[in-house]
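Examination of the molecular architecture
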Amino acid sequence: MSFLTVAAATLPSVPLDFQGNRDRVLESIRIAKDKGATLRTGPELEIPGYGCLDHHLEGDTFAHSWEVLADIISNDVCKDMLVDIGMGCRHRNVRYNCRVLCTYKKILFIRPKMSLANDGLYREARHFTAWVKPMQTETYYLEQVIEKVTGQRTVPIGDAILSTRDTAIGCETCEELFTPRNPSTYMSLNGCEIILNSSASHAELRKLKTRLDLIANSTRKTGGCYVYANATGIDGEARMMFDGSSMILLNGKVLEQGNQFSLEPVEVVTATIDLEEIRSFRASISRNVQAAAQPEYPRVEFDMRLCRPAEEIFLSRSLSISTEKELHILDPMSEIWMSTSVYLWQYLVRTSSAGFFLSLSGGLDSSTVALFVYGMARVVINSIEAGSKTTWADLKRVTGLKDEDLATKKRPEDIVNLLLETCSRAQRLAEKLGAWHLSIPIDEAVQANLAIIEKALKFSPKYEVDGGTKAENTALQNIQARSRLVTQYSLAQLATTARQLPRAGSALLVLTSGNVDENLRGYYTKYDASSGDLSPLGSISKNDAKAFQRWAMEAWDLPMMKEFLEATPTAELLPLHAGVQDDESESEMGLTYAELSVFGICRKVERLGPWSCYLRLLGLWKDRNMTPKQIAEKVMRFFRNYALNRHKSTILTPSIQLNPDDNRHDLRPFL
């Protein structure tokens, strides 16, 4: 019997960080080798970073990627290893998203991606071309920097299987797995036993199990070992986040699974398999009839044995045959907690900012964002307690504190106190979470703006309740909203200086608190407090925000959150004598948040226009005691407000997973 140890590396995708990416790739190879692996794969485009966007069009990106690859294969750590690395390659002046299979001082072959992700958040066809010649290879002429290391002038490029002396290995990159005719099926029928899938799959709430089930089903049908390596962390736009969960599967069974969200820069999972299990699993007559009929796949020969004999496994103190494990899937609230925590921390660290600034009004949305920062602090504490030197070094850098000063910061509240400054009315919540709070009235700023208007226009606007027009009423509310924006940015820029903190002069990142439902309808003021540097809540619905607060109230023992859940939502932009403001009422917004979520799914996910949406809702809402006319009125109200406010989508603040109404990726007109 032959036993093979394989490794899947989970790495952050940091665009253009060639040295950092090189070091992380090398570290992952070292870890894999220390764990006994002879085969290692990593995420898609791991050398330049998946999220380079139009930098993928630049010659520099390709040149530096080859330089980094030359450094990697020159390192002794690659000896006796088969390494699969992701980068872009130009072949005959065509750009390809490639896997480069290599070993110490040798390139074996280049495998271009055959199906590009080009919908939703992805625009790969803008930067690369799909390889359109299945089961064919051509000659690739290597760059001089590689030739100096390997002595090679050419290698095969194309759709092929790598044959070692003891097994056969194929590549399938991310999107290819999800196509109807995925390459791994045909490679498996051609005797390929190990499939490597490098991926850059992004996080979506409640969607991980669906993706992982698809991966498991790939080998459940054909048999074989599937090594899935996914990127982790935020991309270059801070509008998409990769969620790790790298896996190793055998004949549909999960052997190992990595973390979905983590602060660690390098994580490697390994599994030791018996190749005879694959060969036995494939003994089915019906499968073999199809296999015998397959056209021959091109093979690239690699004169090396990757497997170990049984006695070596028996005598090893670290290696043992891997057994089946259950998939670990976070519940939705834990998923929100961990994803927002990693998102906030990585953005803070990458920008080398000194902390966050939040206008904490005491409403549901802003209090939820404050909870996200508190949750991030819990993750940071957990990471440090687990022995992470990287998290400790990052915390020192963003706070400017020395080891002895940070050593006393052992509670989440201590971390929040270092990194979050709040203003507005919710002082009790700020103190409970540990934030540095300022109570600041903006009346003087509003009056100053009104004085400018009166002087310039010789006109004093009035609220509608005081006899003013709707235009006056809106303008007066917007003055207050936009005054908040200017105030919070000024405070964020000067806070560290005024407080004489170790990083005095460094600005804080301004957090906004708009939710996805309000962004979809356009229910916010353009360039008000909804504008900022980051919008952690921007892709999360109001209902999920409420559910998260209920979860955090119990999980983190925060009983005071009950008052925020029960508070009447209000923007508080009208005078007190206007009466109670309820942003969720029909009179104020015209639609409930639950209805907005339904419209968002119909418009974005289901791709329904107004007429099709109306027909769909006739069926969905038939038990709500609504007449067809009432449903039609709601449809018209939504699409009218959506069209009127679509221009606001041009200035949406970056949010995790990408706001579904962001005009950068939701390509609908706004004029």
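First things first, this report covers the structure right here in the doc. Because the structure is a prediction, the values reported are computed rather than measured. (Residues numbered from 1 in each chain as written. Predicted model: local features only at pLDDT ≥ 70, side-chain atom pairs only at ≥ 80, totals over all residues. Heavy atoms only, no water.)

Our next topic: the overall build of the protein chain. Helix and strand counts for the protein chain come out as 23 helices and 22 strands. Relative to its length of 671 residues, the protein chain is compact, with a C-alpha radius of gyration of 28 Å against a globular reference of 26 Å. In terms of principal-axis extent, the alpha carbons of the protein chain reach across some 85 × 65 × 50 Å. When the 671 residues of the protein chain are sorted by exposure, 57% land in the buried category. Per element, the accessible surface of the protein chain, about 28800 Å² overall, is 51% carbon and sulfur. Distance between charge centroids for the protein chain: 3 Å, based on 78 positive and 83 negative side chains. (Helix = DSSP H or I, 4+ residues; strand = E, 2+ residues; numbered from the N terminus. Rg over C-alpha atoms; globule rule 2.2 N^0.38 Å. Buried < 20%, exposed > 50% of the residue type's maximum accessible area, 1.4 Å probe, protein only. Areas by Shrake-Rupley, 256 points an atom, 1.4 Å probe, with all protein chains shown as cover. Lys, Arg positive; Asp, Glu negative; His and termini not counted. Charge placed at Lys NZ, Arg CZ, Asp CG, Glu CD.)

As a further point, take empty space enclosed by the protein. Inspection of the entire model under this criterion finds three cavities of 30 Å³ or more. As a volume, the largest cavity reaches approximately 70 Å³. Lining the largest cavity we find T512, G514, N519, Y524, S530, S531, S535, I651, L652 and T653. Taken together, the residues of the lining of the largest cavity sort by class into three nonpolar, seven polar and no charged. (1 Å grid on protein atoms, 1.4 Å probe; cavity = no way out; pocket = protein on both sides within 12 Å on 5 of 7 lines; lining within 4 Å. Points joined across faces, edges and corners; volume = space filled by probe spheres on them. Nonpolar A, V, L, I, M, F, W, Y, C, P; charged D, E, K, R; others polar.)

A separate point is the pairing of strand β5 (residues 106–112). Burial analysis of β5 places six of its seven residues in the buried class, the great majority of the element. Pairing analysis gives six bridges linking strand β4 (residues 94–103) to β5, with the strands arranged antiparallel. When the bridges of β5 are listed, C98 appears paired with P112. Counted along the chain from β4 to the antiparallel partner β5, the turn is two residues long, and its residue K105 has a positive phi close to 55°. (Pairing = 2+ DSSP bridges.)

Although it is not a glycine, S245 sits at a positive phi angle of roughly 60°. A residue is classified by how much of its surface remains accessible, and S245, at 0% relative accessible area, is buried. Positive phi outside glycine occurs at K458, with the angle close to 55°. Of note, K458 is situated in the loop between α16 (443–457) and α17 (470–498).

Scanning the entire structure with this criterion turns up 17 aromatic pairs. Judged by centre distance (5.6 Å) and plane angle (65°), the ring pair of Y374 and W556 falls under edge-to-face. Of the two residues, Y374 is situated in helix α11 (residues 364–385) and W556 in the loop between α19 (542–555) and α20 (561–566); the sequence distance between them amounts to 182 residues. Judged by relative accessible area, which is 7%, W556 ranks as buried. In this structure an aromatic cluster arises from ring pairing among W337, F372, Y374, F548, W551 and W556. Its guanidinium or amino end placed over the ring of W131, K133 lies 5.9 Å from that ring's centre, counting from NZ or CZ. In this structure, R499 packs its charged tip against the face of W436, placed 3.8 Å from the ring centre. (Phe/Tyr/Trp six-rings, centres within 6.5 Å; stacked < 30°, edge-to-face > 60°. Lys NZ or Arg CZ within 6 Å of the ring centre and 35° of its normal.)

Attention now moves to the packing of helix α22 (residues 610–620) against helix α23 (residues 628–645). α23 packs onto α22 with a crossing angle of 140° between their chain directions and a minimal axis gap of 10 Å. Taken together, the axes of α22 and α23 lie oblique to each other. The hand of the α22/α23 crossing is right-handed. When α22 is examined against α23, the residues P610, C613, Y614, L617 and L618 are found in contact with a partner set consisting of P628, I631, A632, V635 and F639. Residue composition of the contact of α22 with α23, by class: 10 nonpolar, no polar and no charged. (Axes fitted to C-alpha atoms, helices over the stretch in contact; angles between N-to-C directions. Parallel < 35°, antiparallel > 145°, perpendicular 65-115°, else oblique. Left-handed = near helix turned anticlockwise from the far one by under 90°. Contact = heavy atoms within 4.5 Å.)

What follows covers α22. Along α22, the residues classified as buried are C613, Y614 and L617. Down the axis of α22, the smallest arc covering the buried residues is 100°, so these residues share one side. Of the surrounding secondary structure, the elements contacted by the buried residues of α22 are α21 (593–605) and α23. (Arc of directions from axis to C-beta.)

Glancing now at α19. Taking 1.5 Å per residue as the helical rise, α19 with its 14 residues ought to reach 20 Å, and the 20 Å between its terminal C-alpha atoms agrees with that figure. When we look at burial in α19, the residues that qualify are K542, D544, A545, K546, F548, Q549, A552 and M553. Those residues of α19 that are buried are in contact with α10 (332–351), α11, α18 (516–521), α20 and α21. Directly beyond the C-terminal end of α19, a positive phi value near 55° is found at D557. (Expected span 1.5 Å × (residues − 1).)

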